[in-house]
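Coordinate analysis (summary)
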Amino acid sequence: MMSQVQTMKKQVLQLRHEANVQRIPVSQACEDLIKYCCEHQKTDVLVTGISQSENPFKENKACLLI
Amino acid sequence: MSDGGSKTEESIDALMQEVRCLKLKLEEERKKLSDVSLSNVAQRLENLSLQNIKVRRVLKGHMGKVLCLDWCSDKRHLVSSSQEHAITMPTTWVMACAYAPSGNMVACGGLDNKVTVYPLNVEEELTGKKKTVGVHSSYMSCCIFPNSDQQILTGSGDSTCALWDVESGQMLQSFHGHHGDVMAIDLAPNETGNTFVSGSEDEYMFTSIDRVLLSVDSVRMKSCDRLAMIWDMRSGGCVQSFEGHEADINTVRFYPSGDAIATGSDDATCRLFDLRADREVGCYTKESIIFGVNALDFSISGLALRIPPATERRGLAPDLFVSLSVQVGSCLRVIATTR
């Protein structure tokens, strides 16, 4: 029983702490997330691709013997 | 019933009441600032056309399912672990592995409950130089080197995370708060590097006392709040927690700016939680995706969220490589299906 009380007390303390967290509006948070994306998009290989000269895994052209 | 008993009952009652009030308050506060949705804001952006992804190398050697891998900082080496019985490993399932920042050692662990380091710069046999750094009371599910070779952060099935000193094997900090197995951890990318996130299979236990039917007997109600928690590494305290997933969280990752986290779960969704808005800002699903998400990662810009295949566990062909990409805030689609 006592341990239950202690667990509950801990939970209350944690919730109090979380209730006092400073928050910003979602609109502002979204703007910041999108801004970060846009700023770093140029260096993102998944978005821009990788040039053949820089690609360590590029496929070598097969030799043609005539 | 003695006086002591009824007092406890009263105080539990009062505590229950406060928990309820605080939860409501939290919900209200979060709602108040939810003025738009990320998907609305992101609508003004162009749709991404992501690069096709090709398989360039197939690395063979494991005999069982590969559970974890990590890159070396030299970008040329990988460490991987699997659920087979390897000669050098002490256990059958090695659930987690991590490369040290210097590239000179790797850490791993799993069903042996331990986190063990193997130095890589020795000529002799690896097993002779291995060293157990820490021991949990249940399996070790994830490990990571925070910033240096000197410390290891682990997550475990015993519902805790722990920070260990590699040299002495001492536990520097433990993190209590989860109620279920910790499945994943990730470090904040910020230069301070003092926070990390953990995801778990928490099934929150609420204790309620039904005074009409049972005088002091407690009734346990399970509400399955699968939590992602943000921790302060110095104090060991939980800073924020996020709920929303309907099943176990398998994987967590910080957004590259450090302002948000993404989670992947057995409920077949990925979610994005913003730390500063203190709430969920995105949920990514696709009708055809019915499997749990086992791993995810952001691209460098944070624009794409990559989810590797999560199908093998359910018995689907493991060689059918399906990779998915999510544009943060808008849609989810398959970008490469290669055999």
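Data block above holds the structure.
In this text, all values refer to a predicted model and were calculated from it rather than measured experimentally.

Let's talk about the sheet that holds strand S4 (residues 105-109) of chain B
Residues and elements named next belong to chain B. The sheet built from 4 strands is open, its strands ordered S3-S4-S5-S6 with antiparallel pairing. A strand with exactly one partner marks an edge of an open sheet, and here the two such strands are strand S3 (96-99) and strand S6 (131-135). Strand-to-strand, the axes of this sheet are offset by a mean angle of 20 degrees, without reference to chain direction.

Some words on the pairing of strand S5 (residues 114-119) of chain B
All names here are of chain B. Along S5, 5 of the 6 residues are buried, which leaves the element largely enclosed by surrounding structure. Relative to S5, S4 runs antiparallel, the two being bridged by 5 bridges. From the neighbouring strand, Ala107 faces S5, where its bridge partner is Val117. Counting the residues in the hairpin turn of S4 and S5 gives 4 residues, including Asn113, whose phi is positive at 65 degrees. Where S5 lies against S6, 4 bridges are found, and the strand directions are antiparallel. Looking at S6, one finds that Val117 is bridged to Lys131.

Observations regarding the pattern of salt bridges
Overall, the coordinates contain 11 salt bridges over all chains when judged by the stated rule. The salt bridge involving B:Arg234 is made with B:Asp232; its shortest N-O contact spans 3.4 Å. Owing to a relative accessible area of 16%, B:Asp232 belongs among the buried residues under this scheme. As a salt-bridge pair, B:Asp297 and B:Arg253 come within 3.4 Å of each other at their nearest N and O atoms. Residue B:Asp297 is located in strand S21 (residues 297-298), and its partner B:Arg253 is located in strand S17 (residues 249-254); the two are separated by 44 residues in the primary sequence. B:Asp297 gets classed as partly exposed once you look at its relative accessible area, which sits at 36%. Under the relative-accessibility criterion, B:Arg253 is labelled partly exposed at 26%. Taken together, the shared-partner salt bridges connect A:Arg23, B:Arg30 and B:Asp278 into one network.

With respect to the interface of chain B and chain A
Every contact between the two is made by 58 residues of chain B and, on the other side, 44 residues of chain A. Summing both sides of the interface, chain B and chain A together bury roughly 4600 Å²; the carbon and sulfur share of this comes to 67%. Linking chain B with chain A are 3 salt bridges, by the criterion used here. Between B:Glu18 and A:Arg16 there is a salt bridge, and its shortest N-O distance comes to 2.8 Å. Summed over the shared surface of chain B and chain A, the number is 9 residue pairs in polar contact (both at pLDDT 80 or more). Counting residues per element, the ones that place at least two in the side of chain B that touches chain A are helix H1 (3-32), helix H2 (38-41), strand S13 (204-209), strand S16 (238-245), strand S19 (270-274) and strand S20 (279-284) of chain B. Ranked by the residues each element gives to the side of chain B that touches chain A, the list is headed by H1(B), at 13 residues. Looking at side-chain class alone, the side of chain B that touches chain A contains 28 nonpolar, 15 polar and 15 charged residues.

What counts as what
- Residues numbered from 1 in each chain as written.
- Chains lettered and ligands numbered in written order.
- Predicted model: local features only at pLDDT ≥ 70, side-chain atom pairs only at ≥ 80, totals over all residues.
- Heavy atoms only, no water.
- Pairing = 2+ DSSP bridges.
- Helix = DSSP H or I, 4+ residues; strand = E, 2+ residues; numbered from the N terminus.
- Axes fitted to C-alpha atoms, helices over the stretch in contact; angles between N-to-C directions.
- Buried < 20%, exposed > 50% of the residue type's maximum accessible area, 1.4 Å probe, protein only.
- Salt bridge = Lys/Arg side-chain N within 4 Å of Asp/Glu carboxyl O.
- Contact = heavy atoms within 4.5 Å.
- Buried area = accessible area lost by both parts, 1.4 Å probe.
- Polar contact = N/O pair within 3.5 Å; in protein donor to acceptor, adjacent residues only side chain to side chain.
- Nonpolar A, V, L, I, M, F, W, Y, C, P; charged D, E, K, R; others polar.

Honestly, it's all geometry; don't read function into it.
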